[in-house]
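A closer look at the structure
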Amino acid sequence: MASSPITDFYAGRNVFITGATGFVGVTIVEKLLRDVPNVGTLYLLMRAKKGKSVEQRLEELKKNSVFDRFKELQLESRLSKIVPIEGDVGLEHLGISSKDRETLIDNVNVVFHSAATLDFFQSLKETTNINLRGTRRVVELCKQLRHLDALVHVSSAYVNAYITDVEEKLYPSPDDPEKIIQLAETLNDEALKQLEPKLLKDHPNTYTFTKHLAEHEVANAASQFPCGIVRPSMITAAWKEPIPGWTISKNGPQGFFMGASKGILRRLPLDPTIIMDYIPIDVVVNGIITTGYYVNSLKTKNGGRPAELQIFHLTSSTYKPFRFEFLKDKINSYLHDYPLNSAVWYPNLRLVKSLMLFRLGAILFHFIPGFFLDLVTRIGGGRPILMRLHKNVWNSLNTLERFIFTEWHFDSKRLLALSKSMDIADKKKFGIDIGELTWDEYFANTIQGVRQYLSKESPKNLEKARRKDKILLGLHVVLQLAFYYGIFKLIVGVTGVSSAKGALILPLFYYLFGLI
């Protein structure tokens with residue numbers, strides 16, 4: 001494999017990764033092993049979970065679909081470069097043993113900190129411990145590393161969600177981190193919940209608030225060693241690597257494509273004219289790896305002294321903006337081109353511009369069918385989940401409304417300048433410029449990826465699924481005809497009008513139902 005400045009930088013260097021079992025972390029591992037053949041040891045911070053040791057969890061990680069091509073590419077031997085380090089960012093000193101800490105201190109050259117709690121509904125106590133104090137614990141470890149060349153902190157474009165035009169710079173801290181940590185340690189969840197509106201101010205939730213504070217933990221260390229912060233927006237399926245459409249994340253469009261392909265999600269609260277900032281996972285990972293190389297190169301140019309903190313937006317809104325109006329006439333076609341054999345009803349997703357109309361539609365198209373499908377599942381001895389799923393969505397709407405109906409513009413001039421400065425070989429291998437991305441092709445691949453990697457349906461059963469899709473279409477048409485016939489009979493029966501006049505009123509009901 002041809003060398004390049006970035007592959008040369010990582011050759012022989014050992015990397016410590018937090019959040020390595022998550023969407024971003026595991027993709028970093030795959031990319032380094034696949035495209036940097038001489039990379040050193042990859043130390044992954046992992047915790048024992050559900051009675052399984054970190055060694056057992058590592059074996060499970062190696063079976064992740066992100067590594068599916070390793071056998072074909074004859075790269076399976078490179079998985080031996082992975083070494084698990086038992087620990088947790090939520091524990092003091094990261095929960096790492098003295099022996100493992102010494103191993104890291106003596107050997108680690110690059111740190112990628114991607115661990116975080118992403119739950120918008122998490123308590124301030126928990127998000128402070130994981131997002132704020134967890135980052136502080138990683139920075140404290142970095143200060144002890146004898147051969148540290150770079151720290152890259154994975155933040156979020158939404159840490160500055162209280163403004164809609166965001167630049168690639170560090171914004172003033174929303175509060176004193178010491179005060180927040182003390183409150184989180186001394187008050188119970190109920191007392192903290194009462195204080196939240198006053199503490200969060202314009203921040204929409206505890207996630208963005210504590211991630212914003214965490215950026216300042218990294219900034220405070222930027223004079224001691226090379227530091228970079230990357231701010232991805234909503235991270236979506238792979239554009240090119242490891243496989244177009246690959247994903248293990250159910251967040252964002254992957255989640256609702258999964259529900260829509262099953263036929264259980266039929267309405268989505270979303271304004272198709274608003275820019276939705278999506279960024280493919282492979283671009284995010286390339287940006288993280290490139291930033292590690294870049295901040296170290298600045299130190300070299302700066303006479304061995306760390307340069308100022310580098311911040312990059314991994315976003316699309318100001319460079320390659322996406323609106324669902326580009327796709328609203330194609331989404332259902334994609335769902336029927338790549339249907340699920342496990343679909344419970346004919347997929348038909350409709351975007352609704354207001355929460356009020358969505359709630360009306362949810363009652364008719366989600367809760368009523370969900371009730372009957374759960375009933376059938378319960379009778380058959382299965383585990384009913386649809387009503388619980390729809391209730392969770394319903395209850396989260398007020399919290400998510402700001403993210404659903406707000407348009408942000410994340411400036412990415414610095415990232416694009418970084419891309420232009422890259423070596424030609426690095427641009428091909430670690431591309432961060434999405435200028436050539438075609439959104440309709442990308443989402444067609446995403447729906448195929450959701451089908452294969454989230455719904456676990458093989459491409460081999462696609463023809464069988466398409467035959468079932470046609471049967472579901474017939475049943476869907478029959479049900480619609482029966483429904484509107486029932487409406488017609490109700491109109492005639494209640495109002496006493498003639499059948500001819502009732503038939504004239506029927507299109508009005510069709511139109512009204514079309515709004516929801």
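From a predicted model like this one, the values you see are computed outputs, not experimental measurements. (Residues numbered from 1 in each chain as written. Predicted model: local features only at pLDDT ≥ 70, side-chain atom pairs only at ≥ 80, totals over all residues. Heavy atoms only, no water.)

A closer look at the UniProt feature "domain: Thioester reductase (TE)" (unreviewed entry) in the chain
- UniProt's feature table lists "domain: Thioester reductase (TE)" (unreviewed entry) at residues 17–288, given in the numbering used throughout.
- Between the end C-alpha atoms of residues 17–288 the distance is 11 Å, and the span holds 39% helix and 14% strand. (UniProt positions renumbered as here; feature names shortened; annotations may be inferred. Helix = DSSP H or I, 4+ residues; strand = E, 2+ residues; numbered from the N terminus.)

Examining helix α14 (residues 413–421)
- For α14, the full list of buried residues reads L415, L416, L418 and S419. The arc enclosing the buried residues of α14, seen along the axis, measures out at 155°, which places them on a common side. The exposed residues of α14 that point more than 90 degrees off its buried face are K413, K420 and S421.
- Looking at the buried side of α14, the elements it contacts are α10 (281–301), β11 (310–314) and α15 (424–429). (Buried < 20%, exposed > 50% of the residue type's maximum accessible area, 1.4 Å probe, protein only. Arc of directions from axis to C-beta. Contact = heavy atoms within 4.5 Å.)

Notes on a nonpolar patch on the surface
- Together, I363, I368, F371, F372, L375 and I379 make up an exposed nonpolar region whose accessible area comes to about 600 Å².
- Note on placement: I368 falls in helix α12 (residues 355–379). (Patch = residues over 30% accessible without salt bridge, like charges linked within 9 Å, V, L, I, M, F, W, Y side chains within 5 Å. Areas by Shrake-Rupley, 256 points an atom, 1.4 Å probe, with all protein chains shown as cover. Salt bridge = Lys/Arg side-chain N within 4 Å of Asp/Glu carboxyl O.)

Things to note about the nonpolar core
- Y10, V15, L32, L33, L44, F112 and I288 are the most contacted members of the largest nonpolar core, which has 84 residues in total.
- Among the elements that make up this core, the one with the highest residue count is α10 (nine residues).
- Excluding its chain neighbours within four sequence positions, the residues that come into contact with L32 are Y10, V15, V39, L42, F112 and I289.
- Within the second largest apolar cluster, 28 residues are counted, among which are Y43, V218, A221 and L309. (Core = buried A, V, L, I, M, F, W, Y, C linked by side-chain atoms within 4.5 Å.)

Description of unusual backbone geometry
- E241 connects to P242 through a cis peptide bond whose omega is -5°.
- If you trace the backbone, P242 turns up in the loop between β8 (234–236) and α9 (253–262).
- At Q74, a residue that is not glycine, the phi angle is positive and equals roughly 60°.
- Relative to the helices and strands, Q74 resides in the loop between α3 (54–62) and β3 (82–86).
- The exposure class assigned to Q74 is exposed, which follows from its relative accessible area of 69%.

Considering the environment of I434
- Tracing the sequence through the fold places I434 in the loop between α15 and α16 (439–454).
- On the accessibility criterion, I434 (2% relative accessible area) is buried.
- Linking I434 and G22, residues 412 residues apart in sequence, is a C-alpha distance of 23 Å.
- In this view, I434 contacts W239, I279, V283, T315, S316, Y319 and K320; residues no more than four positions away in its chain are not counted.

Regarding the packing of aromatic side chains
- A full pass over the atoms with the stated rule returns 26 aromatic pairs.
- Centre to centre, the rings of Y158 and F410 are 5.3 Å apart; their planes meet at 90°, and the pair counts as edge-to-face. Taken as a pair, Y158 in the loop between β5 (150–154) and β6 (165–166) and F410 in strand β13 (residues 409–410) lie far apart in primary sequence, 252 residues in all.
- Each member of the aromatic cluster is reached from another via a ring pair, and the members are F256, F257, Y278, F322, F324, F326, W439, Y442 and F443.
- When the ring centre of F430 is taken as reference, the NZ or CZ atom of K31 above it lies at 5.0 Å.
- Over the face of the ring belonging to W239 we find K240, whose NZ or CZ atom lies 4.3 Å from the ring centre. (Phe/Tyr/Trp six-rings, centres within 6.5 Å; stacked < 30°, edge-to-face > 60°. Lys NZ or Arg CZ within 6 Å of the ring centre and 35° of its normal.)

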